[in-house]
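# Structure at a glance
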Amino acid sequence: AEFRIGASTAYSKEMHARRPESFYHGTSVTSMLEIQSHGFKAGTGLLGNGVYITNVLKKAMHYASGNPASGIVAEVRVDLGTCKKLDPGDAMKQTWHLHGFDSAWAPNGANDCNLSENCITNPKRVTFIRAIPGDTSLLKGMGMTVSPEGRLETISAAGNIVDGKRKHTSVSMHNDLLLLLTEYELQYVADQLAEHGIKNKEVLRLELPLSQVEKLPISYIYQMRLKRCISDLCDTHAQNCQKMERARVMLMQIHSSSPNDETEHVLKEGVCEELRQFCDSCAGNSVLMTFLNAEVVPGALAYMTTAAENARAQDVGCNVLLKCLQHNNVTQTASMIAVTVPVLIATMHIHTTDCKLLHKCVYLLHKQACVDRQALLHEAVPAGLIALTISQLKMKTHHIQMVLNNVLLLHDICTIVEYRTAIADAGCIIVMMDILQTHMPNQCISEGVCACLHIMANDRTTHHSIIHADGVALLQTAIMTHQAQGKRIQLNSIQVLLSLAIKTPVTCKSIANATLIKLILGGMLAHPDLFVLHQTSICLLVQITQICREDGIFKHIADAGCISVLTASMTKHAQQATYQKNACIMLAKLGEGDYFRNLDIKCVIGVLAPIMLAMKTHPTDSIIAKFALNILHYLCRVDFPNMHHVIVEKGVIPLVVAVMRRHIAVDTVCDTAAMLICIITHSNTLIQQECRKSGVVLVLTDILAQKNLGEACQKKAQECLQNLAMT
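Below: a short report on this structure. These numbers were taken from a predicted model, which means no experiment stands behind them.

Check the secondary structure of the chain and you find 37 helices and nine strands. For the C-alpha atoms alone, the extent of the chain along its principal axes is close to 115 × 75 × 45 Å. Every one of the 727 residues in the chain was classed for burial, and the buried ones make up 53%. Look at the contacts in the chain between residues 6 or more apart in sequence, and 71% of them connect residues 24 or more apart. As displayed, the chain offers around 31,500 Å² of accessible surface, 53% of which is attributable to carbon and sulfur atoms. Put simply, the chain has 64 plus and 62 minus side-chain charges, and the middle of one group is 6 Å from the middle of the other.

The next thing to look at is the pattern of salt bridges. Applying the stated criterion across every chain yields a total of 18 salt bridges. For Asp-529, the salt bridge identified is with Lys-572, shortest N-O distance 2.8 Å. Taken together, the positions of Asp-529 in the loop between helix 25 (514–526) and helix 26 (531–547) and Lys-572 in helix 28 (residues 562–572) put the pair 43 residues apart, joining distant regions of the chain. Using a relative accessible area of 42% as the deciding quantity, one classes Asp-529 as partly exposed. Lys-555 is paired through a salt bridge with Asp-559; the nearest N and O atoms lie 2.8 Å apart. Taken together, the residues Lys-555 and Asp-559, both in helix 27 (residues 551–559) and four residues apart, mark about one turn of the helix. Taken together, the shared-partner salt bridges connect Asp-79, Asp-102 and Arg-125 into one network.

A regular strand places its side chains so that they alternate between the two faces of the sheet. In terms of residue burial, strand 1 (residues 23–27) counts as a mostly covered element, since four of its five residues are buried. Relative to strand 3 (residues 72–78), strand 1 runs antiparallel, the two being bridged by five bridges. Each residue of the ladder has a partner; that of Tyr-24, found in strand 3, is Glu-75.

Moving on, we come to the packing of helix 33 (residues 652–662) against helix 34 (residues 667–681). When two helices pack together, you describe them by how their axes are tilted relative to each other and by the distance separating the axes. It is at 10 Å that the axes of helix 33 and helix 34 come closest, and there the two elements cross at 155°. Between helix 33 and helix 34, the angle is such that the two are roughly antiparallel. As helix 33 runs across helix 34, the sense of the crossing is left-handed. The residues of helix 34 that touch helix 33, namely those facing Ile-653, Val-656, Val-659 and Met-660, are Val-669, Cys-670, Ala-673, Leu-676, Ile-677 and Ile-680. Of the residues contributing to the contact of helix 33 with helix 34, the split by class is ten nonpolar, no polar and no charged.

Here we take up the sheet that holds strand 5 (residues 103–106). Hydrogen bonding along the main chain pairs the strands of a sheet, whether they run parallel or antiparallel. Spatially, the four strands line up as an open sheet ordered 2-6-5-4, and their pairing is mixed. Strands at the two margins of the open sheet, each flanked by one partner only, are strand 2 (51–53) and strand 4 (83–85). Strand-to-strand, the axes of this sheet are offset by a mean angle of 20°, without reference to chain direction. Where strand 4 meets strand 5, three bridges bridge the pair, whose relative direction is parallel.

Another aspect to go through is the packing of helix 28 against helix 29 (residues 577–592). Between helix 28 and helix 29, the least distance of the axes is 10 Å, while the angle of their chain directions is 155°. The angle between helix 28 and helix 29 falls in the class roughly antiparallel. For the pair helix 28 and helix 29, the crossing hand works out as left-handed. Residues Cys-562, Ile-563, Leu-566, Thr-567, Ser-569 and Met-570 of helix 28 pack against Tyr-579, Gln-580, Ala-583, Cys-584, Met-586, Leu-587 and Leu-590 of helix 29. Looking at the contact of helix 28 with helix 29 residue by residue, the classes come out as ten nonpolar, three polar and no charged.

Tracing the backbone shows Ile-687 in helix 35 (residues 685–693). With relative accessibility at 1%, the residue Ile-687 sits in the buried group. Between the C-alpha atoms of Ile-687 and Leu-275, which are 412 residues apart in sequence, the distance is 88 Å. If sequence neighbours within four positions are ignored, Ile-687 has contacts with His-644, Ile-647, Val-648, Ile-653, Ile-680 and Thr-681.

Of note, Ala-69 is a non-glycine position whose phi angle comes to about 60°, a positive value. Its place among the elements puts Ala-69 in the loop between helix 3 (57–64) and strand 3. A positive phi is found at Asp-470, a non-glycine position, where the angle reads about 60°. Here Asp-470 falls in the partly exposed class, since its relative accessible area comes to 48%.

Attention shifts here to the sheet that holds strand 7 (residues 126–133). The antiparallel open sheet is built from three strands, whose spatial order is 1-3-7. Of all the strands in the sheet, the pair left with one neighbour each is strand 1 and strand 7. In this sheet, adjacent strand axes meet at a mean angle of 30° when their direction is disregarded. Of the strands in this sheet, strand 1, strand 3 and strand 7 touch helix 2 (residues 29–38), which is tilted by about 125° from strand 1. Across the sheet, helix 3 lies against strand 1, strand 3 and strand 7, angled at about 15° from strand 1, the strand it touches most.

This part covers the packing of aromatic side chains. Inspection of the entire model under this criterion finds two aromatic pairs. Relative to Phe-291, the ring of Phe-278 lies with its centre 5.9 Å away and its plane at 90°, an arrangement referred to as edge-to-face. With a gap of 13 residues between them, Phe-278 in helix 10 (residues 262–281) and Phe-291 in helix 11 (residues 286–306) connect regions that are remote in the sequence. Residues Phe-278 and Phe-291 agree in their burial class; the two are buried. Relative to Tyr-579, the ring of Phe-531 lies with its centre 6.1 Å away and its plane at 75°, an arrangement referred to as edge-to-face. Here Tyr-579 lies in helix 29 and Phe-531 lies in helix 26, a separation of 48 residues in the sequence. There is no split in this pair, since Phe-531 and Tyr-579 are both buried.

Analysis parameters
- Residues numbered from 1 in each chain as written.
- Predicted model: local features only at pLDDT ≥ 70, side-chain atom pairs only at ≥ 80, totals over all residues.
- Heavy atoms only, no water.
- Helix = DSSP H or I, 4+ residues; strand = E, 2+ residues; numbered from the N terminus.
- Buried < 20%, exposed > 50% of the residue type's maximum accessible area, 1.4 Å probe, protein only.
- Contact = heavy atoms within 4.5 Å.
- Areas by Shrake-Rupley, 256 points an atom, 1.4 Å probe, with all protein chains shown as cover.
- Lys, Arg positive; Asp, Glu negative; His and termini not counted.
- Charge placed at Lys NZ, Arg CZ, Asp CG, Glu CD.
- Salt bridge = Lys/Arg side-chain N within 4 Å of Asp/Glu carboxyl O.
- Pairing = 2+ DSSP bridges.
- Axes fitted to C-alpha atoms, helices over the stretch in contact; angles between N-to-C directions.
- Parallel < 35°, antiparallel > 145°, perpendicular 65-115°, else oblique.
- Left-handed = near helix turned anticlockwise from the far one by under 90°.
- Nonpolar A, V, L, I, M, F, W, Y, C, P; charged D, E, K, R; others polar.
- Phe/Tyr/Trp six-rings, centres within 6.5 Å; stacked < 30°, edge-to-face > 60°.

Set out below in structure tokens:
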């Protein structure tokens, strides 16, 4: 699972590599035509609002099968963005989209049917590839077919007719009309209508009177269906016109009164409430939605502008905008940004203490930022959005949702590099730390704050502010508070600590405490699949051990169970070369500090296995080879019972020989390998015999012939040969 705010690039790449290539969406023939014409639309379901897809074709077919002709499945390409993994019973099952995620993934399905399911908030992320019919025979009976290009078409449009003869037509028909004809089972007469110049719904309504339908060369039953279709189309048009006319009257009432007349404001509020209800009735009606965005939105904004001091007027105006945003598609939402932002910012400037109203304004801004962040911030930041957001966070309000939306909006601003200096200058870090301390138990707010701090900590101008605000202690508390469920909090907190440790080494002393180290390793143990957490954690441990060289730090790390955590993690993430390097470095440091001495033989084998796996998986990496051999050397230096049998049984010696051959020109690798062989061959006949069988003598001879290797390395090689020659 991946949180949009603060998501690391390394983690995104790792998750992206594991994502399916193909997804499917089961639907009806009618809906497929709509998808081909206008794209996907968000629906509602057990995972909230969004486009529902699956990577299991069987599940998509099941959803489609209840429709005529067994429905149809759309194969799609999807940009999942940052994805929330939903486990059974997850508390965020229907609210994940409020926390900055682009999509959600339920591996067991939304209804726990053990079939994977995804929900995408933004339909623009879903791209149609091809249609897969449920039953081609029944589909043909409906007068439809899937073209070689994978598009659902009428049989005539695809160049076929029912009697089996090819027929080519150059006549095209608008998909809106084709969709309407399909709803009335009139797709068979599409060609006849097109040949009479009827190519869209407006032409059908205006230019084909009911009296002329009987003259068309179609059967009586199709004539009756077509008459009913035209009649319903005219009725719908009349109803739309009536609704739009009433909306225009309401807009005229808004514009006609004085902005300072309290009575008129009350009247306007009633009118705007009626407009809000009108917005609800526009859902799914393309004609009314066009009118809504072209006339109602400007009317509501004009009302808010003229009644800027009236909080009730602003509240009702925001309600209208919220309804418009709820029913808008991506394009419509993007077009709202330029006209809504100045009005919302002005409202926030005037009504600075009205938490309910401020929450609505911030929510509107954040939702529009999800569609086009750059465009919104280009309008909003120069108008004072940063100062407004920070001042609202300073209000010490108990309105949790307002705090969360302000944190998310501030994160939207943080993601744009050019605004980070302005955020820092406005005192953002101090405010964020205060919010984290005040709302520490709230997981969503803590996630948002830690993600903002992660971004800001990468900027050299702000990491000192985090340190001075006692950031290390607060982040440690956040990790401890949300250790069970807040893996995103842990990840972002450790990323902040790593940035601080690198940029300000003195910070390592405060990070290197036993409690925090235990929390870091506990997080790795609790979230074994979250690779980026393991990678960041091991980098932090390596960094603090390089700065804090006193023995106490290694004792803290060893006592926290670092050896068992790292060996398990190395096995899980064996393919990640950088992680394997850092893990080998850390284990080698623990071995150097003699912390292997307390291990039993079972634990020794547990360390041996991932070390050998790392050398086999990354045979060309000399750093992994060097530190892995160091670890083997420290293990063998401890006098474990039956250690010589373990070395022979696990195939350690042939692997060491292979490493020496591959890195025969690398002094540090050969020196460490020779030192290891010296220890294991000393007075041990079994090991000496195994070394001879594995070709150690030949490799050691080659090392002596290498002129570029150091004197110490060649001396060790000579000593090994002497040990082997003694038996």
